[in-house]
Amino acid sequence: MSIAEVKLGEMRLSFQYGKVPKEVTDREIRKEPSKRAKKLRDDYLNAKISLDIEFPYWYTRKWIEEEGQHPLIRRALALKCGFEHLTPMIRAGELLVMQKTRYIRGAFVMPWTANRYPLSIEERMEHEAEEASKMSLEEVVVLAKGGGNVTQSAGNVLSISGRFGIRREEFPMLVEVCRYWKNKSSEDTCFMWAAMHPKYDQYLNMKKAVLMHVDLEYSLRHGRNVVNYQLPLQIGFKGMIDACTEKINANIKEGNADKIAFWKATIIVIEGVQAWIRNYAKEAKRLAAKEKNVKQKQEFEEIAGRLEWIAENPPRTFIEALQLCWTCHIAVVNELQISGLSPGRLGQVLYPFWKQDIKEGRITREQTLEILECMRVKFTEIEIAQSVGTIGLTGGSTFNNLCIGGVNPDGTSAENELEELIIESAMTCATPQPTLTVLYDGKLSEKFLLKAIECNKIGTGYPAWVNNRVAMEYLMKTFKDEGITLEDARAWTIGGCLEIQPGALVNGRLGAGSYSSTGVGFINMPKVLELVLWDGVDPRTKVRVFPPHGSKLETYEELYRAWQQYFYEVVTVFEEMYNLKAAAMFNIDNPIFYSALMADCIEKGLDMDRGGCRYNRTLTTWITGQVNLANSLASIKKNVYEERNFTLDELKNALINNFGYRSALETSQFSLLDQKRETDEWARIHSLCVNAPKYGNDDPYVDEIYKDVIEYWRDVVPQVKDVFGRPWVPCQLSVASHGPLGQACIASADGRLAGLTLADAAQSPYPGTDLNGPYAVLNSAVIIDHSDYQNTQLNLKVHPSCIKGTQGSRKLLELIKAYMDKGGYHIQFNVVDTRMLRDAQDHPENYRDLLVRVAGFTAYWVELSKPIQDEIIARTEYGEI
């Protein structure tokens, strides 16, 4: 069957726009890393994802010993003990060192945060109601099987969550540690607190219906923001300790025990990080002492010298500064169950160090490129231990976003030569992390923009492109009550996939100081419509989620009001639940080191969970499947209420019978590309549903419905105050949630079949339904005001031939500029021949290093689940732009 057109009856579906060459076309540009970086990257590609027990064992042991201490002091002592006992691991050839565990792709469970998923089903079901609600999601999650995933237990290795391997002899200790945290962990405690909500039982039923993807309040409570490196860069760890000591001495007479405890806890954790750094320095010296190769011996000695210096002092050189930034980043990753922690505008932060080194002849551009390649490998090695449900959301990504471009605090272009080398390193050493994002502004030079376009041609999906003007408008509106300055708005950056984060100048230097962008993720928009059609009952699980809405649904207006009624309930209950559950954890897994780095926390004497950051209105409600919902509403409006092509009951009968097709959960085919009909009984209805107006074609009929849905959600979200007393904020992206949430839905009125993956991102058309070219997609996407949201997201798939050469580069840049000029916030591209992806799916052994763009992140193809692979294959391939 041709990928260009699929004829299911007389249905209008096209998976290709414009002509492409007959032969499979590779990406235009391919570059290779230095030998050093290639060896390190190959080590990563050959490694399996492994769980380590060191940190949780020593943390828990110290936690038990320190019972009775102030909660912050107790946690700080436990963290210090964990850092002190991490085994240092340095590989020959590394220029940057320090990693999460002793394994290349190592992670560890944080049972004080989430303690249930490593335990047996029997033990988990001791919390039957809560676990049943989570397992409903796990039942529909399809996990990836390739790459470094340890999908099955074998020999001396046990598989956890279908991804992580652990040695059998270490597993009993992990279980023992997890059992200790029963009724003490954030996970257990938050559900106890949530039970106070009068609608707790309804909430559990909402979860059983998979109306939301995952509980971020304990699984990934922190992240989606940017590390502030300026304090250690400016005054070093010793200076930070001295600042806390001064604060204690200056405030002891006020009698505020919590502030004193925060400053004291900060000192303790920094001492733990210092011990960790010095242990690596000792290991580097040990390796140097026995090394015979003169060059390698010198490198080990230089590593030891750098580590000994930065353990106390601010850095003197570019490589010391980069090592310090990396150390801070990985220390925060070890402190917290965190995702989306991003280096932000790292090239601008480090530029003064690099510029001075270049001026004084301490480093060359070639050496810089090699160091940056090594940095990319280190970021890619980060792993986070997660449950099956959370893996279904993240796809295994850690979402470390490095931003380039934008403007300086004074409004001038912020591009620099180091950022050009960062782009080049992303081309020579292509890895999933860190992803790159261009903060597009009209003041950026064409040379810089075309360099970024050249990187797009590599096919890794980065850089993404975001609108500097739109982001600043969002920040000035959202943080007005917190007194945001224009300079801090200009210093903005991205945390995680695409979440807009305000900057924070620290002594005039570019820094960060905003709370984590976490919250309710991700609401299943089409599922709410299912509940309306079945009067409050989930047709898949037969669980009653809501009381009957009592409407006969005789008009489109009645249908839409019923949807609004249920959706309002979904949003408000999930937000209220998050508030209760998050508050339960503020004395369990406090962000101490993380807070110490962020602008203003030390000055205020408050950690991030208590409002210590400069900017705090970042708790977020995400949605998924909004395009499917808009398309479904348009189909019902046109076919049922206006043209009366079929009745609502006839439609429901077709939906529950999947339009005569087998379910994707049975066939393992998750897009409309590969489906076979078993009966023609509902073929006519299916054809009419598919042919109804579709978002992404510049069609006001459906685009206005999309706008109504999105703006209603925008207005509902802030009606609940967050745990800090500020309004919640709306955010649009999908991560990988469009896979599992689609698997939890029956067929929908837009013609999508049961179990098929939902539309990705936020503004992306449903695969095969955008028939009028890329500019029509852009026009549909800008029907909303993008500055009303913490982010929006649009993905396009482009055939390599249509952007080939200088002319092709300029065409792609013109498309980006046109979208930004219209007010779009974000756009990104998969530059790939769909036939290559087909072959990669059939022969994964030939494509271990193939990278693709999913939603706000890049991933190795072989480490993606089949539902996500199928959805990417099915995205419309643009042979013309």
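Remember, predicted model here, so these are calculated numbers, not experimental data. (Residues numbered from 1 in each chain as written. Predicted model: local features only at pLDDT ≥ 70, side-chain atom pairs only at ≥ 80, totals over all residues. Heavy atoms only, no water.)

1. Observations regarding the overall build of the protein chain
Then, in step 1: Helices and strands together make up the secondary structure of the protein chain, namely 34 helices and 21 strands.
Then, in step 2: Compactness check: the protein chain gives a C-alpha radius of gyration of 26 Å against a globular reference of 29 Å for 881 residues, within 12% of the reference.
Then, in step 3: For the protein chain, the spread of C-alpha atoms along the principal axes amounts to about 80 × 60 × 60 Å.
Then, in step 4: By the burial criterion, 68% of the 881 residues in the protein chain qualify as buried.
Then, in step 5: A total accessible area of about 28,200 Å² is found for the protein chain, and carbon and sulfur atoms account for 49% of it.
Then, in step 6: Of the charged side chains in the protein chain, 105 are positive and 115 negative; the average position of the first set lies 3 Å away from that of the second. (Helix = DSSP H or I, 4+ residues; strand = E, 2+ residues; numbered from the N terminus. Rg over C-alpha atoms; globule rule 2.2 N^0.38 Å. Buried < 20%, exposed > 50% of the residue type's maximum accessible area, 1.4 Å probe, protein only. Areas by Shrake-Rupley, 256 points an atom, 1.4 Å probe, with all protein chains shown as cover. Lys, Arg positive; Asp, Glu negative; His and termini not counted. Charge placed at Lys NZ, Arg CZ, Asp CG, Glu CD.)

2. Notes on the sheet that holds strand β15 (residues 620–624)
Then, in step 1: An order of β6-β14-β15-β16 is seen for the four strands of this open sheet, with the pairing classed as mixed. The outermost strands of the open sheet, each flanked by one partner alone, are β6 (212–214) and β16 (729–732). Pairwise comparison of adjacent strand axes, ignoring direction, gives a mean angle of 35° for this sheet.
Then, in step 2: Contacts from helix α21 (residues 525–533) reach β14 (519–524) and β15, with the element oriented near 55° to β14. (Pairing = 2+ DSSP bridges. Axes fitted to C-alpha atoms, helices over the stretch in contact; angles between N-to-C directions. Contact = heavy atoms within 4.5 Å.)

3. A short note on the layout of surface pockets
Then, in step 1: Within this model, the largest pocket holds a volume of roughly 410 Å³.
Then, in step 2: The wall of the largest pocket is formed by 25 residues, among which R30, R41, A430, D849 and L850 lie closest to the centre.
Then, in step 3: Looking at the lining of the largest pocket, the elements that each hand over two or more residues are α1 (35–45) and α17 (417–428).
Then, in step 4: When residues in the lining of the largest pocket are grouped by element, the largest group, four residues, is from α1.
Then, in step 5: Each pocket or cavity is described by its volume, and for the second largest pocket that value is around 350 Å³.
Then, in step 6: Within the residue set of the lining of the second largest pocket, elements represented by two or more residues are α12 (294–310) and α15 (365–380).
Then, in step 7: Residue contributions to the lining of the second largest pocket peak at five residues, all from α12. (1 Å grid on protein atoms, 1.4 Å probe; cavity = no way out; pocket = protein on both sides within 12 Å on 5 of 7 lines; lining within 4 Å. Points joined across faces, edges and corners; volume = space filled by probe spheres on them.)

4. Looking at the pairing of strand β17 (residues 795–798)
Then, in step 1: Neither face of β17 is open: one carries N795 and K797, the other L796 and V798, and all of them are buried.
Then, in step 2: Where β17 meets strand β18 (residues 826–831), four bridges bridge the pair, whose relative direction is parallel. Across the sheet, V798 pairs through a bridge with V831, a residue of β18.
Then, in step 3: A crossover connection joins β17 to the parallel β18 through helix α32 (residues 805–821); in handedness this β-α-β unit is right-handed.
Then, in step 4: As defined by bridge partners, β17 adjoins strand β21 (residues 877–878) across two bridges and the pair is classed as parallel. Bridged to V798 within β21 is Y878. (Right-handed = clockwise from strand over helix to strand, strands pointing away.)

5. Focus: the sheet that holds strand β10 (residues 435–440)
Strand pairing in a sheet takes place through backbone hydrogen bonds and is either antiparallel or parallel in direction.
Then, in step 1: If you trace the seven strands from one edge of the open sheet to the other, you get β1-β21-β17-β18-β11-β10-β9, paired in mixed fashion. Edge positions in the open sheet fall to β1 (16–17) and β9 (401–405), since each of these has one partner strand only.

6. Considerations on the side chain of Q841
Then, in step 1: Tracing the backbone shows Q841 in helix α33 (residues 834–842).
Then, in step 2: For Q841, the contacting residues outside a window of four places in its chain are W861, K866, Q869, D870 and I873.

7. What about the nonpolar core?
Then, in step 1: Judged by nonpolar contacts, the single largest core of 306 residues is most densely connected at W465, W563 and I827.
Then, in step 2: At 17 residues, the largest contribution of residues to this core is made by helix α11 (residues 257–290).
Then, in step 3: Excluding its chain neighbours within four sequence positions, the residues that come into contact with W563 are M525, V528, L529, V532, L629, V709 and Y712. (Core = buried A, V, L, I, M, F, W, Y, C linked by side-chain atoms within 4.5 Å.)

8. Details of α33
Then, in step 1: All of the buried residues along α33 are T834, M836, L837, A840 and Q841. Burial along α33 is one-sided: seen end-on, the buried residues are contained in an arc of 155°.
Then, in step 2: Among the structural elements, β17, β19 (851–853), α34 (866–874) and β21 are those in contact with the buried residues of α33. (Arc of directions from axis to C-beta.)

9. Examining the side chain of E187
Then, in step 1: If you trace the backbone, E187 turns up in helix α7 (residues 186–194).
Then, in step 2: Engagement of the side chain of E187 in a polar contact is seen with the backbone nitrogen of R116, the distance being 3.1 Å. (Polar contact = N/O pair within 3.5 Å; in protein donor to acceptor, adjacent residues only side chain to side chain.)

10. Re the packing of aromatic side chains
Then, in step 1: For the structure shown, the criterion picks out 34 aromatic pairs.
Then, in step 2: Seen in terms of ring centroids, F55 and F83 are 5.4 Å apart; in terms of plane orientation they differ by 85°. Their pairing is edge-to-face. Highlighted residues: F55 in helix α2 (residues 54–65) and F83 in helix α3 (residues 71–84), separated in sequence by 28 residues.
Then, in step 3: Residue classification places F55 among the buried positions, given a relative accessible area of 1%.
Then, in step 4: Look at F83 and you get buried, because its relative accessible area is 0%.
Then, in step 5: Ring plane angle 85° and centroid distance 5.2 Å describe the contact between Y180 and W181, whose orientation is recorded as edge-to-face.
Then, in step 6: Relative accessible area serves as the criterion here: at 21%, Y180 is assigned to the partly exposed category.
Then, in step 7: Ring pairing ties together the aromatic residues F55, Y59, W63, F83, F108, W112, Y180, W181, W276 and Y280, which thus form one cluster.
Then, in step 8: The cationic tip of K581 hangs over the ring face of F191; the distance from NZ or CZ to the ring centre is 4.4 Å. (Phe/Tyr/Trp six-rings, centres within 6.5 Å; stacked < 30°, edge-to-face > 60°. Lys NZ or Arg CZ within 6 Å of the ring centre and 35° of its normal.)

11. Brief notes about the pattern of salt bridges
Then, in step 1: Inspection of every chain in the model, using the stated rule, returns 61 salt bridges.
Then, in step 2: Note that D674 is salt-bridged to R838, the shortest N-O span being 3.2 Å. Linking D674 in the loop between α27 (664–667) and α28 (683–691) with R838 in helix α33, this pair joins segments that are 164 residues apart in sequence.
Then, in step 3: The structure contains a network of salt bridges with shared partners spanning K39, D43, R91, E94, K378 and E381. (Salt bridge = Lys/Arg side-chain N within 4 Å of Asp/Glu carboxyl O.)

12. Describing the environment of L778
Then, in step 1: Among the structural elements, L778 can be located in helix α31 (residues 774–781).
Then, in step 2: Judged by relative accessible area, L778 falls into the buried class, the value being 0%.
Then, in step 3: Sequence separation between L778 and M820 is 42 residues, and the spatial gap between their C-alpha atoms is 9.6 Å.
Then, in step 4: Not counting chain neighbours up to four residues away, the residues in contact with L778 comprise L794, L815, Y819 and I827.

13. Some words on the environment of G612
Then, in step 1: Relative to the helices and strands, G612 resides in the loop between α24 (601–604) and β15.
Then, in step 2: A relative accessible area of 0% places G612 in the buried class.
Then, in step 3: For the pair G612 and I783, spaced 171 residues apart in sequence, the C-alpha to C-alpha distance is 37 Å.
Then, in step 4: In this structure G612 touches A599, D600, C601, K604, L606 and D607, once residues within four positions along its chain are discounted.

14. Some details on the state of the cysteines
Then, in step 1: Tallying each qualifying case throughout the model produces zero disulfides.
Then, in step 2: With no disulfide of its own, C403 lies closest to C497 among cysteine sulfurs, the gap being 12 Å.
Then, in step 3: Residue classification places C403 among the buried residues on the basis of a relative accessible area of 0%.
Then, in step 4: Of all cysteine sulfurs in the structure, the one in C429 sits closest to C455, which takes part in no disulfide; the separation is 12 Å. (Disulfide = S-S within 2.5 Å.)

15. Some thoughts on the pairing of strand β11 (residues 464–467)
Then, in step 1: Residues A464 and V466 line one face of β11 and the alternating positions W465 and N467 line the opposite face, and both faces are buried.
Then, in step 2: The sheet contact formed by β10 and β11 spans four bridges and is parallel. Of the residues in β11, the one forming a bridge with L439 is V466.
Then, in step 3: Handedness of the crossover joining β10 and β11 through helix α18 (residues 446–456): right-handed.
Then, in step 4: Bridge analysis of β11 against β18 gives two bridges, and the strand direction is antiparallel. Residue pairing across strands places W465 opposite I827, the latter belonging to β18.

16. Observations concerning the confidence of the model for the protein chain
Then, in step 1: Confidence in the prediction of the protein chain, expressed as mean pLDDT, is 94, and 96% of residues score 70 or more.
Then, in step 2: The model gives residues 1–8 a pLDDT under 50, and that stretch makes 24 contacts with residues more than four places away or in other chains. (pLDDT = per-residue confidence, 0-100.)

17. Describing a nonpolar patch on the surface
Then, in step 1: Residues M192, W193 and M196 make up a contiguous nonpolar surface patch of about 320 Å² in total accessible area.
Then, in step 2: Residue position: W193 is located in helix α7.
Then, in step 3: Owing to a relative accessible area of 35%, W193 belongs among the partly exposed residues under this scheme. (Patch = residues over 30% accessible without salt bridge, like charges linked within 9 Å, V, L, I, M, F, W, Y side chains within 5 Å.)

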